[in-house]
Amino acid sequence: MTAATFDVERYCDDLGPEKIVHIHDPASGLRAIVVIDNTACGPAIGGARMVADVSLDEVRRLARAMTLKNAAAGLPHGGGKSGILADPHKADKRGLIRAFGRAIRQLTDYIPGPDMGLDEACMAWLRDEGCRAVGLPRIIGGIPLDEIGATGYGLACCAEVAAPFCGLELKGATVAIEGFGNVGRPAARFLEALGAKLVAASDSQGAVYDPAGIDSNKLAAVKKQAGTVTAYERGQKLSLANLLTVPCDILIPAARPDCIHAANAAAIKAKLILQGANIPATAEAETMLFKRGVLVVPDFIANAGGVICASVEYHGGAESSVQPTIAQKIRDNTQAVLTHSRQAGVEPRRAAEIMARERVKLAQSFRQR
Ligand code: NAD
């Protein structure tokens, strides 16, 4: 790491990052980045993603989001994140992940979980390489957080609490989801169960929009079979960019970072945005939305379901305790953050950061000599 690639003055603050590790293994072709942001609350938990163009800046910001998310959720874990630079559809995925597991085996203050492009099987390969991992398959003692839709369930809990803050009734509310994957798909299913109606969804290949409503189970079956939501027989096909601005009550960005930015924030029609993805909006865009009265529940409050599930698994809890734990933590946090935001007139992210930072600082105080 050189000063040319990482500006210490700009990016290091009172929380972290504690460690930045660049991995290059010529034998396997592995190139990866691990950022351990803060371990004051405990060993860092955070997803490992496989994306061809993942950058240090992306991993650094995601690792910080995990520090805040884990602290906000009251978990005994710090925050970290990792990115493997490869296209999961083209690379020798198993080979790269096994090489990654060997490379991070000694990094004992980092516990990876599944993130974009990785699943439970990948976590099993990491464990088999002697590495810590969460989100393991059930057969080897895990609680498969993607299979049970832990993050999507948490988003639905968040929606229940947030909706009254922006005058919305979930029954009949229309929902658009950017990224119909392990977060987006179950979010649609759990919101449907609360009476909401999916009207638009996208994946990396395009988007589909049907104001009459899209059956999320049928859409999931189409995506599983054809590989993309664009094969859904009904509705209108849209570009990826247009998904974000369709008429809807609730927008859930659940794919890549920074998809909501200054150039498209003004065109967003949703009243409520639940950040399923990590860092899906720029700070500038969030401020623009706040000024327009659009309620944005930040990533590290809204999408904590997955890491709450991972923590239950890591500490040997029962699968049956996952949903009640997620519901209680996410409902309480959403209520606290949105109440503080309203009372103090500050953006929800700011209110959430104050709460989470206070918790990390308290944990840090026990480490001071
Ligand atoms: P995933 O790989 O299962 O799904 C991602 C989906 O997004 C895929 O359908 C993909 O085709 C689609 N996609 C990719 N690029 C896109 C684009 N430009 N426009 C629209 N769709 C696009 O990943 P995931 O686990 O669902 O994670 C999605 C996001 O949620 C990531 O930011 C991740 O960090 C975050 N997240 C995931 C979890 C979890 O439990 N899996 C928990 C918290 C946060």
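It should be emphasised that the depicted structure is a prediction, and the values quoted were computed from it without experimental measurement. (Residues numbered from 1 in each chain as written. Predicted model: local features only at pLDDT ≥ 70, side-chain atom pairs only at ≥ 80, totals over all residues. Heavy atoms only, no water.)

Caption draft 1: Inspection of helix 11 (residues 305–314) at higher detail. In terms of burial, helix 11 is largely enclosed, as nine of its ten residues are buried. Looking at the packing, one finds that the buried side of helix 11 touches strand 3 (44–50), helix 2 (56–72), helix 5 (150–162) and helix 12 (322–344). In the segment just after helix 11, Gly316 is the residue with positive phi, at about 80°. (Buried < 20%, exposed > 50% of the residue type's maximum accessible area, 1.4 Å probe, protein only. Helix = DSSP H or I, 4+ residues; strand = E, 2+ residues; numbered from the N terminus. Contact = heavy atoms within 4.5 Å.)

Caption draft 2: Main features of the packing of aromatic side chains. In the structure shown here, the tally under the stated rule is one aromatic pair. Taken together, a centroid distance of 5.2 Å and an interplanar angle of 75° make the contact between Tyr153 and Phe190 edge-to-face. A residue pair is termed long-range when its members are at least 10 positions apart, and Tyr153 in helix 5 and Phe190 in helix 6 (residues 184–193) qualify at 37 residues. In this structure Tyr153 comes out as buried when scored by relative accessible area, which is 16%. Since its relative accessible area comes to 15%, Phe190 is described here as buried. Over the ring of Phe190 we find Arg189; its NZ or CZ atom is 4.7 Å from the centre of that ring. (Phe/Tyr/Trp six-rings, centres within 6.5 Å; stacked < 30°, edge-to-face > 60°. Lys NZ or Arg CZ within 6 Å of the ring centre and 35° of its normal.)

Caption draft 3: Main features of the nonpolar core. Ranked by size, the top nonpolar core spans 75 residues in total, and within it Leu219, Ile250, Ile252, Leu272, Leu274 and Val297 carry the most contacts. Ranked by residue count, the leading element in this core is helix 5, at nine residues. Aside from chain neighbours lying at most four places away, what touches Leu272 is Ala162, Ala163, Cys166, Leu168, Asp249, Ile250, Leu251, Leu295 and Val297. By size, the runner-up hydrophobic cluster in this structure holds 25 residues, among which are Val34, Ile36, Trp125 and Leu126. (Core = buried A, V, L, I, M, F, W, Y, C linked by side-chain atoms within 4.5 Å.)

Caption draft 4: Quick look at the sheet that holds strand 1 (residues 19–25). Strand order in the open sheet formed by five strands is 1-2-4-3-5, and the pairing between neighbours is mixed. Among the strands making up the open sheet, the edge pair consists of strand 1 and strand 5 (110–114). Within this sheet the neighbouring strands show an average axis-to-axis angle of 20°, counted without direction. Strand direction decides the pairing type here: strand 1 and strand 2 (residues 30–38), joined by seven bridges, are antiparallel. For Lys19, the partnering residue across the bridge sits in strand 2 and is Ile36. (Pairing = 2+ DSSP bridges. Axes fitted to C-alpha atoms, helices over the stretch in contact; angles between N-to-C directions.)

Caption draft 5: Geometry of the pairing of strand 4 (residues 78–84). Taking burial as the measure, the seven residues of strand 4 include seven buried ones, the bulk of the element. The side-chain alternation of strand 4 yields two buried faces, one formed by Gly78, Gly80, Ser82 and Ile84 and the other by Gly79, Lys81 and Gly83. Bridge count between strand 2 and strand 4: six bridges; the pairing is antiparallel. Each bridged residue has a counterpart across the sheet, and for Ile33 the counterpart in strand 4 is Gly83. Taking the sense of rotation as the criterion, the β-α-β connection linking strand 3, helix 2 and strand 4 turns out right-handed. (Right-handed = clockwise from strand over helix to strand, strands pointing away.)

Caption draft 6: Just the sheet that holds strand 10 (residues 250–253), in detail. The seven strands lie next to each other as 9-8-7-6-10-11-12, forming an open sheet whose pairing is mixed. In this open sheet, the two edge strands, each paired with only one partner strand, are strand 9 (236–238) and strand 12 (295–297). Averaged over all pairs of adjacent strands, the angle between strand axes in this sheet comes to 20°, irrespective of strand direction. By the bridge criterion, four bridges tie strand 6 (residues 174–178) to strand 10 in an arrangement that is parallel. Residue pairing across strands places Glu178 opposite Pro253, the latter belonging to strand 10.

Caption draft 7: Examining unusual backbone geometry more closely. Omega for the peptide link from Gly16 to Pro17 comes to 0°, which places this bond in the cis form. The phi dihedral of Asp258 is positive, around 55°, even though this residue is not glycine. Here Asp258 shows up in the loop between strand 10 and strand 11 (272–274). The partly exposed category is assigned to Asp258, whose relative accessible area is 25%. For Ile279, which is not a glycine, the phi torsion comes out positive at approximately 40°.

Caption draft 8: Examining helix 2 more closely. In this model helix 2 runs 24 Å from its N-terminal to its C-terminal C-alpha over 17 residues, within 8% of the 24 Å that 1.5 Å per residue would give. With 15 of 17 residues buried, helix 2 lies mostly within the body of the structure. Phi turns positive, to about 70°, at Gly74, one or two residues after helix 2. (Expected span 1.5 Å × (residues − 1).)

Caption draft 9: A look at the packing of helix 5 against helix 12. Two elements in contact, helix 5 and helix 12, have axes separated by 9 Å at closest approach and are oriented at 40°. The angle between helix 5 and helix 12 places the two elements in the oblique class. Helix 12 is crossed by helix 5, and the crossing has right-handed handedness. Packed against helix 5, whose contacting residues are Ala150, Tyr153, Gly154, Cys157, Cys158, Glu160, Val161 and Ala162, the element helix 12 presents Gln323, Ile326, Ala327, Ile330, Arg331, Thr334, Gln335 and Leu338 at the interface. Residues of the contact of helix 5 with helix 12, tallied by class, amount to ten nonpolar, four polar and two charged. (Parallel < 35°, antiparallel > 145°, perpendicular 65-115°, else oblique. Left-handed = near helix turned anticlockwise from the far one by under 90°. Nonpolar A, V, L, I, M, F, W, Y, C, P; charged D, E, K, R; others polar.)

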